[in-house]
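Understanding the architecture of this molecule
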Protein chains: 2
Amino acid sequence: MNQHDSSSLPLPLPLGFRWSAVRAGIKASGKPDLAVAACDKPAEAAVMFTSNQVVAAPIIVGRRHLAATGGRVSGVLVNAGNANCATGDLGIEACHRSCVAVADALGCVFDEILPSSTGIIGVPLPVEKLIAAVPAATQALGRATENAEAFATAILTTDTRLKVAQESFTLGGRTVNLFGCAKGAGMIGPHLLPATPAAAPHATMLVYLFTDLDASSRQLSAMLSPAVAASFNSISIDGDMSTNDTVLLLASGESGVPAEGAAVASFEAALQRVCHTLAYKIVDDGEGVTHVVTLEVSGAGSDTDAQAIARTIAASPLCKTAWSSADPNWGRLLAAAGRAGVAFDPAQVRISIGGLPVFESGLRSVAFDEAATHAAMSLREYTISIQLGQGPGKTRFVTCDLTHEYVSINADYST
Amino acid sequence: MNQHDSSSLPLPLPLGFRWSAVRAGIKASGKPDLAVAACDKPAEAAVMFTSNQVVAAPIIVGRRHLAATGGRVSGVLVNAGNANCATGDLGIEACHRSCVAVADALGCVFDEILPSSTGIIGVPLPVEKLIAAVPAATQALGRATENAEAFATAILTTDTRLKVAQESFTLGGRTVNLFGCAKGAGMIGPHLLPATPAAAPHATMLVYLFTDLDASSRQLSAMLSPAVAASFNSISIDGDMSTNDTVLLLASGESGVPAEGAAVASFEAALQRVCHTLAYKIVDDGEGVTHVVTLEVSGAGSDTDAQAIARTIAASPLCKTAWSSADPNWGRLLAAAGRAGVAFDPAQVRISIGGLPVFESGLRSVAFDEAATHAAMSLREYTISIQLGQGPGKTRFVTCDLTHEYVSINADYST
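Residues numbered from 1 in each chain as written. Chains lettered and ligands numbered in written order. Predicted model: local features only at pLDDT ≥ 70, side-chain atom pairs only at ≥ 80, totals over all residues.

Brief notes about the overall build of chain A
For clarity, the threshold we go by: Here a strand is any run of E in DSSP of at least two residues, a helix any run of H or I of at least four, and the numbering for each starts at the N terminus. Radius of gyration here uses only the C-alpha atoms, and the compact-globule reference equals 2.2 Å multiplied by the residue count raised to the power 0.38. Residues with at least 20 neighbouring C-beta atoms inside 10 Å of their own are called buried, those with 12 or fewer are called exposed, and the rest are partly exposed, where every C-beta is derived from the backbone.
A tally of regular secondary structure across chain A gives eleven helices and 15 strands. Over its C-alpha trace chain A gives a radius of gyration of 22 Å, about what one expects of a compact globule, namely 22 Å for 415 residues. For chain A, the C-alpha atoms occupy an extent of roughly 70 × 60 × 40 Å along the three principal directions. Each of the 415 residues in chain A was classed as buried or not, and the buried ones make up 63%.

The structure is reproduced here in structure tokens:
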């Protein structure tokens, strides 16, 4: 547990935002469960939501709000402990009422509030509790590190650690700051799509990114999509895409640095690093995780083929249980790759684990060293490389093992 | 353990076949691991193999043999304890040599032998041990129940129970017998395709079906495909399709009943029952299984859509762990259905568990009874029905929970 490491946010926070969190009584634990972020002026927003066919009320409401405002957000409202999903029209109404409460307190219109929820599906949101806590939440808003950390902590559920990342860069004497926080742990197999009404929805992973760059919603969206593709859309804990996944990027413009010229490349690089760091931290803190495995698939016919193979291996119970005991049973990798729906010639495939060759030329590598491979897999973090020998397609995908603890966490029901 | 229940095969065995099993020393346990079936005369055969891109040597060799003979088989050779997969040209040569040894002992040509292997991937097959055991195996061949049971027992690996099924029917005073046996337990997510060279391969599930019906290879293939689609291709334990999956149907013709007229419908029904029984037994004896769950998905746009939803739920770690503790967390079913790549309107969906309504009209059923649903899920076997309200597509899919014991079985590596 490291939820209040005072060195977790060493850089300045972006200008133009305030954060807070309070206890609304939604989490059974009684911990803070209602987080609010407020923008001094309406911020430009880029949002990506789950591509699940089943989406929670806050996703439905969030899409409407973004369509109505054209991508402007004055406040963010997050509750943890209840997903407000499969709750019907009453769930949508509850979400709407909570947005109105926050908008009234912040002095903006309700469709400038972007809502998020995470927790159990199918249980009515205790909206009265939530609304009752809004005044305390808005009164507690502040610009300090403690405020941002409180926000980042309240959104957590089965997470054991705070997940934050920062970047700053200076151009022409002005500094642009980027602060991001995330919630993960379980039901993590994101596949986010832009928040257009036409898009299908997809995990409960929640990610909030705040910057004081001066950029439009359209510019932010163009930068967010590739950053998400290479980070949050390239991780999996259990492969179970949620109904509530949300990645939100807000830009206040308060740095006075416009998104043009050198600032674009600098911000894109900063955004990619923050997204990568948060995505990695999500897997590292996944439910029951004892090994973080990076899958480097290359030589596929296309990047899509490489992703399909990585996702199938990342979702394979036999691969994931082998990783949990550092079992160098590489045949399971090959079998999983072979069922990914991607054509390849096994004789062209080369597989290495932690840099040690295990399979090539259609059979076990002559250099295969079981003890050394077991030792490499005993580390908490290592890389498995799969070179397919078919074409230029590649991907880098971060996943984890499947342990007794994962089963315990998700099978803890008792009468 | 019930590997030698004397009442497991109460009906007469099909005429024209002999079976045996011996210890070749391939299984670390020292149990019988080499099974042989011999046909008195070359039998007509229908075969379906895995659709995995990576296939074991016996699949490669088996395809060649079937192409060479046009679907005639004089003998079946199965070893358990080693998959002979990812073993390169040496693995193919080892498979060939073992077929030659059996063919010589039976007095047939080598391409009338159909080989199968199951066990670890990537370890060279100890072919000398296998060949050394062939004389004892062919000498032990017999027509008795004990012989058939010995065959069905030797093919097992992590299975805890013998899996056999029988059917008989009489037409015009003549009786047709069908005997089937199967091996399952882990790496069970079959998707079998006909054994034509053009087909892509797909699990290690092994199924052998013997009948004395008088039918051609073409007739048998036409009857086997739909029976497999509704049984072995509609089950999943861990979703990890193997490199060695094989379903073989052999017909000796010795009943004197040709596959025409009423015999076709009678045999099709018998075949479907045997396949269904064996498929269900495979899931029931899956690694660590404590609950067998039948998913009835209906109202989909197509059967393919219904299958995609069933397969996704059956592979969902969150659904499977909830089942292990009889947790009525039906939201996980809905979330998994929503990531199956199938379009549907959640408001039209109705879900029931053990006949008890849990979700309808977009939210938790007003009749939802958590305690009763928990009680229904506490049974070892129950059905989850998902009516999508989109069209006529449907499927019936049998799967199981994910337990601590599954993790233990598959993460048992130690230095």
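Here's the deal with helix 9 (residues 331–338) of chain B
Counting buried positions along helix 9 of chain B gives eight out of eight residues, so the element sits mostly inside the fold. All of the buried residues in helix 9 of chain B are G331, R332, L333, L334, A335, A336, A337 and G338 of chain B.

Some remarks on the relation of the copies chain B and chain A
Mapping one chain copy onto the other needs a rotation about an axis and a shift along that axis. Formally: Only residues with pLDDT of at least 70 in both copies count here: their C-alpha atoms drive the least-squares fit that superposes the copies. Residue pairs are scored as contacts if the distance between their C-beta atoms, which are placed from the backbone, is within 7 Å.
Under the fitted operation, chain B is carried onto chain A by 0.0 Å of movement along the axis and a turn of 180°, and the coordinates agree to an RMSD of 0.0 Å. On this basis, the relationship between the two copies can be described by a two-fold rotation axis. Closest to the rotation axis within chain B is the C-alpha of H404 of chain B, separated from it by 2.8 Å. Comparing interface residues between copies, 100% of those in chain B also sit at the interface in chain A, which points to an isologous, same-surface contact.

Let's talk about the interface of chain B and chain A
Note the cut-off: Under the convention adopted here, Pro, Cys and the residues Ala, Val, Leu, Ile, Met, Phe, Trp and Tyr are nonpolar, Asp, Glu, Lys and Arg are charged, and Gly plus all remaining residues are polar.
Counting residues at the interface gives 54 residues for chain B, matched by 54 residues for chain A. Residue assignment for the side of chain B that touches chain A shows that the elements contributing at least two residues are helix 8 (317–324), helix 9, strand 13 (363–364) and helix 11 (404–410) of chain B. For the side of chain B that touches chain A, the leading source of residues is helix 9 of chain B, giving six residues. In terms of residue class, the side of chain B that touches chain A is made up of 26 nonpolar, 22 polar and six charged.

Notes on helix 3 (residues 127–139) of chain A
All names here are of chain A. Basically, it comes down to this: Expected helix span is taken as 1.5 Å per residue step, with the number of steps being one fewer than the number of residues. Two axes are fitted around each residue, one to the seven residues ending there and one to the seven starting there, and the angle between them is reported as the bend at that residue.
With 13 residues, helix 3 extends 19 Å between its outermost C-alpha atoms, agreeing within 8% with the 18 Å of an ideal straight helix rising 1.5 Å per residue. Of all the bends in helix 3, the greatest, near 35°, is centred on A133, and the proline P135 appears no more than four residues after it. Of all the residues in helix 3, the buried ones are V127, L130, A133, V134, A137 and T138. If you follow the buried residues of helix 3, they end up packed against strand 1 (17–22), strand 2 (34–50), strand 3 (72–82) and helix 2 (88–106).

Remarks on the environment of A279 of chain A
Residues and elements named next belong to chain A. Tracing the backbone through its elements, the reader meets A279 in helix 6 (residues 262–284). Assessed through the 27 C-beta atoms surrounding it within 10 Å, A279 is described here as buried. Residues A279 and E268, eleven residues apart in the sequence, show an inter-C-alpha distance of 16 Å. Once residues within four sequence positions are removed from consideration, A279 is found in contact with S231, F232, I235 and V398.

Focus on the sheet that holds strand 13 of chain B
Residues and elements named next belong to chain B. What counts is decided by this rule: Two strands are counted as paired when DSSP detects at least two bridges linking them. Every axis in this analysis is a line fitted to C-alpha atoms, fitted for helices over the stretch in contact. Angles between the N-to-C directions lie between 0 and 180 degrees.
Spatially, 13-12-11-14-10-15 is the arrangement adopted by the six strands of the open sheet, whose pairing is mixed. The sheet is open, and its two edges are formed by strand 13 and strand 15 (393–400), each paired on a single side. Sitting on the sheet, helix 6 (residues 262–284) is in contact with strand 10 (292–300) and strand 15, with an inclination near 45° to strand 15. Strands in contact with helix 10 (residues 370–377) are strand 11 (350–353), strand 12 (356–360) and strand 14 (381–387); relative to strand 12, the strand with the most contacts, it is inclined by about 115°.

Quick look at the domain arrangement of chain A
All names here are of chain A. As a reminder, the rule being used: Where a domain begins and ends is set by an automatic assignment or by a domain database.
Examined at the domain level, chain A breaks down into domain 1 (17–284) and domain 2 (292–410). When each unit is reduced to the centre of its C-alpha atoms, the spacing between domain 1 and domain 2 is 33 Å. Listed per partner, the contact involves eleven residues of domain 1 and twelve residues of domain 2. Residues of the side of domain 1 that touches domain 2, tallied by class, amount to five nonpolar, five polar and one charged.

What about the pairing of strand 11 of chain B?
Residue and element names in this part refer to chain B. Pairing analysis gives four bridges linking strand 11 to strand 14, with the strands arranged antiparallel. Bridge assignment links R350 to a residue of strand 14, and that residue is Q387. For strand 11 and strand 12, the ladder comprises three bridges, and the chain directions are antiparallel. Of the residues in strand 12, the one forming a bridge with I351 is F359. Hairpin connection from strand 11 to strand 12: two residues lie between these consecutive antiparallel strands, with G354 at a positive phi of about 60°.

Overview of the packing of helix 1 (residues 57–69) of chain A against helix 2 of chain A
Residue and element names in this part refer to chain A. Keep this limit in mind: Oblique is the label for every angle not falling under 35 degrees (roughly parallel), over 145 degrees (roughly antiparallel), or within 65 to 115 degrees (roughly perpendicular). Handedness of a crossing is defined here by the sense of rotation of the near helix relative to the far one, left-handed for an anticlockwise turn of less than a right angle and right-handed for a clockwise turn.
Two elements in contact, helix 1 and helix 2, have axes whose closest approach is 9 Å; the angle formed by their N-to-C orientations is 55°. Classified by the interaxial angle, the pair formed by helix 1 and helix 2 is oblique. For helix 1 against helix 2, the interelement crossing comes out right-handed. Contacts between helix 1 and helix 2 involve A57, P58, I60 and V61 on the former and, on the latter, G91, I92, A94, C95, H96 and C99.

Remarks on unusual backbone geometry
Residues and elements named next belong to chain A. One non-glycine residue, A86, adopts positive backbone phi at about 60°. Inspection of the secondary structure puts A86 in the loop between strand 3 and helix 2. For S361, which is not a glycine, the phi torsion comes out positive at approximately 55°. With respect to the element layout, S361 can be found in the loop between strand 12 (356–360) and strand 13 (363–364). Given 14 C-beta atoms within 10 Å, S361 falls into the partly exposed group.

Overview of the sheet that holds strand 10 (residues 292–300) of chain A
In sheet architecture, strand pairing relies on hydrogen bonds along the backbone and comes in two forms, parallel and antiparallel. Here six strands make up an open sheet; going across it, the order is 13-12-11-14-10-15 (chain A) and the pairing mixed. Unpaired on one side and paired on the other, strand 13 and strand 15 (393–400) of chain A mark the two borders of the sheet.

Here we look at the packing of helix 7 (residues 303–314) of chain B against helix 9 of chain B
Any two packed helices are characterised by the angle at which their axes cross and by the distance between the axes. Residue and element names in this part refer to chain B. Where helix 7 meets helix 9, the closest approach of the two axes is 8 Å, and the angle between their N-to-C directions is 125°. Taken together, the axis directions place helix 7 and helix 9 in an arrangement best described as oblique. Considering how the two elements wind past one another, helix 7 and helix 9 form a crossing that is right-handed. Across from I309, T312 and I313 in helix 7, the residues of helix 9 making contact are L333, A336 and A337. Class assignment for the residues of the contact of helix 7 with helix 9 results in five nonpolar, one polar and no charged.

Details of the confidence of the model for chain A
Residues and elements named next belong to chain A. Formally: The predictor attaches a confidence to each residue, and that confidence, scored 0 to 100, is pLDDT.
The share of residues in chain A with pLDDT of 70 or more is 96%, and the mean pLDDT across the chain is 92. Predicted confidence is poor over residues 197–203, with pLDDT under 50, and the contacts of this stretch with residues over four places away or in other chains come to 32 contacts. Scoring of the predicted complex yields 0.90 for pTM and 0.88 for ipTM.

Thoughts on the pairing of strand 2 of chain A
All names here are of chain A. Across the 17 residues of strand 2, 14 count as buried, placing the element largely inside the fold. Where strand 1 meets strand 2, six bridges bridge the pair, whose relative direction is antiparallel. In the sheet register, W19 faces strand 2, and the bridge partner there is A37. Pairing of strand 2 with strand 3, which is carried by seven bridges, proceeds in the antiparallel orientation. Across the sheet, residue E44 finds its bridge partner in strand 3, namely R72. Both strand 2 and strand 9 (residues 246–251) contribute to a ladder of six bridges, which runs antiparallel. Bridge pairing in strand 9 links V47 to L248. Pairing between strand 2 and strand 7 (residues 192–194): three bridges, direction antiparallel.

Considering the environment of N52 of chain A
Within the secondary structure, N52 of chain A is located in the loop between strand 2 and helix 1. Separated by 124 residues in the primary sequence, N52 of chain A and V176 of chain A place their C-alpha atoms 34 Å from one another.

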